[in-house]
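What the coordinates show
Each chain is listed here by its residues.
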Amino acid sequence: MTPDKAISIGDLKRVARRRLPKIIFDYIEGGAEDEAGIVRNEQRLRDILLVPRYLRDVSTPAQGVEILGQSFARPFGIAPTGMAAIAYADADLHLAKAAASAGAPFILSGASNSSIEKIAAVHPGAWYQIYLPKSEHIAEDLLKRMEVAGLSTLVVTVDVPAHSKRERSIRAGWVRPYKPTLAATLEAALHPAWVVRYLRDGLPYLENWQAYAETGASAMDVTGIFAREVPAIQTWDRLKRIREQWPGKLVVKGILHPQDALDAVAAGCDGIIVSNHGGRQFDRSPAPVEVFPAIHKAVGEATTLMLDSGITRGSDVVAAFCLGARMTFVGRATLYGVAAFGRAGADRALAILGREIELALSQIGCPSISELDESYLQHGNASASMTSAT
Ligand SMILES: Cc1cc2nc3c(=O)[nH]c(=O)nc-3n(C[C@H](O)[C@H](O)[C@H](O)COP(=O)(O)O)c2cc1C
């Protein structure tokens, strides 16, 4: 299949599954424990029904949004995904370039392979996500590097208080110190293009973290330093200190409780990404879309509310905006694209979602993404009962 023949995110996922060793595909697709959270994330989004309104002029539905002092041409962006280059060489760079050319936000992961400086050069409007490390001087240095590189928005991910239990990866040996089982290694041999690249390039570096390792440290040594620093105990006090240190926009990612959202606003956060990490952290957390209405009700317009987890269709983005989201993000959808076809696959994933949003807006008779509200939701459907949930 060529990228242009992919007509859905599901098509890109099928190609990625074929091209990647199972152990790597499972790293992307997998979630915590029984992976019920992944199913719930997608299902709860699909449960939201949108009621079409007809006889309106929707010839060119507008998708542009303005948030956090930036204008974007798309109402969705690319969520931070660590170790993306294990799926395709320079994946972070391909994703950032694709987002820049689509006018979409890109969040560089705190466990990225490409450096802050390289990403800023290809997407000056990119955001950087940090996992607050145990050593405060490393956090300070990363913030300084962001500022020097001209990045405006810091995203603090708070939903990793401890390692998650991803059983696919544990069984296959894809956890530090990365000793794949014999079965996983033999299966990988069925994907020669990936194996040749891995044998040539080895494990990709966490480039941002090389600065905190000794000169000549191997990629494995650098991941060791990262693993010693993260996860660290994170508290509201630490977040407040970050607020004092960081002069730019501050977004907190991984909030699921209305009171935490209120506390984030009180701590001075400019934005909140309601997220359960794509079901990768805690299998019993609710789908973000289930708790979103209660969070929206609690904080109102005091902060910019965004959402990720489970988005695979443009109509998922439209549904999230009807609930009050001002931006959405995808993690796996664009990773499948880049894993399947590199840059062209990332472009394709964004184009598919963009086109589906255009169609969904036309179908429901809404001329602009910024005009979406609860009036497009089916009265009494899942979202209505979610509104009263706290
Ligand atoms: C392979 C992979 C790696 C991820 N790495 C990070 C990360 O480094 N930092 C982070 O905040 N979230 C990370 N996430 C979570 C995403 O940012 C996002 O919340 C999630 O993927 C959204 O769900 P979706 O994949 O269903 O779109 C990762 C997700 C995946 C699939």
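Structure: above.
All values reported here derive from a predicted model rather than from experimental measurement.

Observations regarding the sheet that holds strand β6 (residues 153-157)
In space, the eight strands of this open sheet follow the order β3-β10-β9-β8-β7-β6-β5-β4, with parallel pairing throughout. One side of each edge strand has no neighbouring strand; the edge strands of this open sheet are β3 (76-78) and β4 (107-108). As judged from the five bridges shared by β6 and strand β7 (residues 249-255), these two strands associate in the parallel manner. When the sheet's bridge partners are listed, T153 is paired in β7 with K249. Sheet strands touched by helix α17 (residues 343-364): β3 and β10 (327-330). Its angle to β3, the strand with the most contacts, is close to 165 degrees.

Observations regarding the packing of helix α6 (residues 136-149) against helix α12 (residues 236-245)
Each pair of packed helices can be described by the angle between their axes along with the distance between the axes. With their axes 11 Å apart at the nearest point, α6 and α12 run at an angle of 35 degrees to one another. Between α6 and α12 the crossing geometry is right-handed. Counting all contacts with α6, which are made through E136, A139, E140 and L143, the residues of α12 involved are R238, R241, I242 and Q245.

Focus on the site of the ligand
The environment of the ligand is made up of 22 residues, and the closest members are P80, S109, Y131, T157 and D308. Interatomic distance of 2.7 Å between a side-chain N/O atom of T157 and an oxygen atom of the ligand. In this structure, D308 approaches the ligand through a side-chain N or O atom, which is 2.7 Å from an oxygen atom. A total of 600 Å² of accessible area belongs to the ligand in isolation, and the protein chains cover 97% of it. At the level of secondary structure, the elements contributing two or more residues to the shell around the ligand comprise α2 (22-29) and α16 (332-341). Considering only residue class, the shell around the ligand consists of seven nonpolar, 11 polar and four charged.

Some details on the packing of α2 against α16
Contact geometry of α2 with α16 gives a least axis separation of 10 Å together with a crossing angle of 155 degrees. By the angle class used here, α2 and α16 are roughly antiparallel. Note on element contacts: α16 touches α2 through R332, L335 and Y336, opposite F25, I28 and E29. Its residues placed into classes, the contact of α2 with α16 shows four nonpolar, no polar and two charged.

A word on the environment of L372
Summarising the element assignment, L372 is placed in the loop between α17 and α18 (382-388). L372 gets classed as buried once you look at its relative accessible area, which sits at 4%. Separated by 54 residues in sequence, L372 and V318 have C-alpha atoms that sit 7.6 Å apart. Among residues more than four places away in sequence, those in contact with L372 are V318, F321, C322, L361, I364 and C366.

Criteria and cut-off values
All residue numbers refer to position in the chain's written sequence, counted from 1. With pLDDT at 70 or above as the cut-off, local features in this predicted model cover only qualifying residues; side-chain atom pairs require 80 or more to be listed or tallied, and sums for whole chains, interfaces and linings still use all residues. To obtain the side-chain values, all non-hydrogen atoms of the structure were included, while hydrogens and water were left out. Strand pairing is assigned whenever DSSP detects at least two bridges linking the two strands. By definition, any uninterrupted DSSP run of H or I lasting at least four residues is a helix, any uninterrupted run of E lasting at least two residues is a strand, and each is numbered from the N terminus. Throughout, a residue-residue contact means that at least one pair of heavy atoms, one from each residue, lies within 4.5 Å. Every angle, taken between N-to-C directions, lies between 0 and 180 degrees, and every axis is a line fitted to C-alpha atoms, over only the stretch in contact when it is a helix. Handedness of a helix crossing follows the sense of rotation of the near helix relative to the far helix, less than a right angle counterclockwise being left-handed and clockwise being right-handed. Residues are classed as near a molecule or strand on a simple rule: at least one heavy atom within 4 Å of it. Polar contacts, as counted here, are pairs of nitrogen or oxygen atoms within 3.5 Å of one another; within protein the pair requires one atom able to donate a hydrogen and one able to accept it, and residues that are adjacent in sequence qualify only if both atoms are side-chain atoms. The accessible surface values rely on the Shrake-Rupley method and a 1.4 Å probe; as for residues, cover is taken only from the protein chains in view. Each residue receives one of three labels: charged for Asp, Glu, Lys and Arg, nonpolar for Ala, Val, Leu, Ile, Met, Phe, Trp, Tyr, Cys and Pro, and polar for the others, Gly being one of them. When an angle is under 35 degrees it counts as roughly parallel; over 145 it counts as roughly antiparallel; between 65 and 115 it counts as roughly perpendicular; any other value is oblique. Remark: exposure states derive from per-residue accessible area (1.4 Å probe, protein chains only) relative to the maximum for the residue type, with buried under 20%, exposed over 50%, and partly exposed in between.

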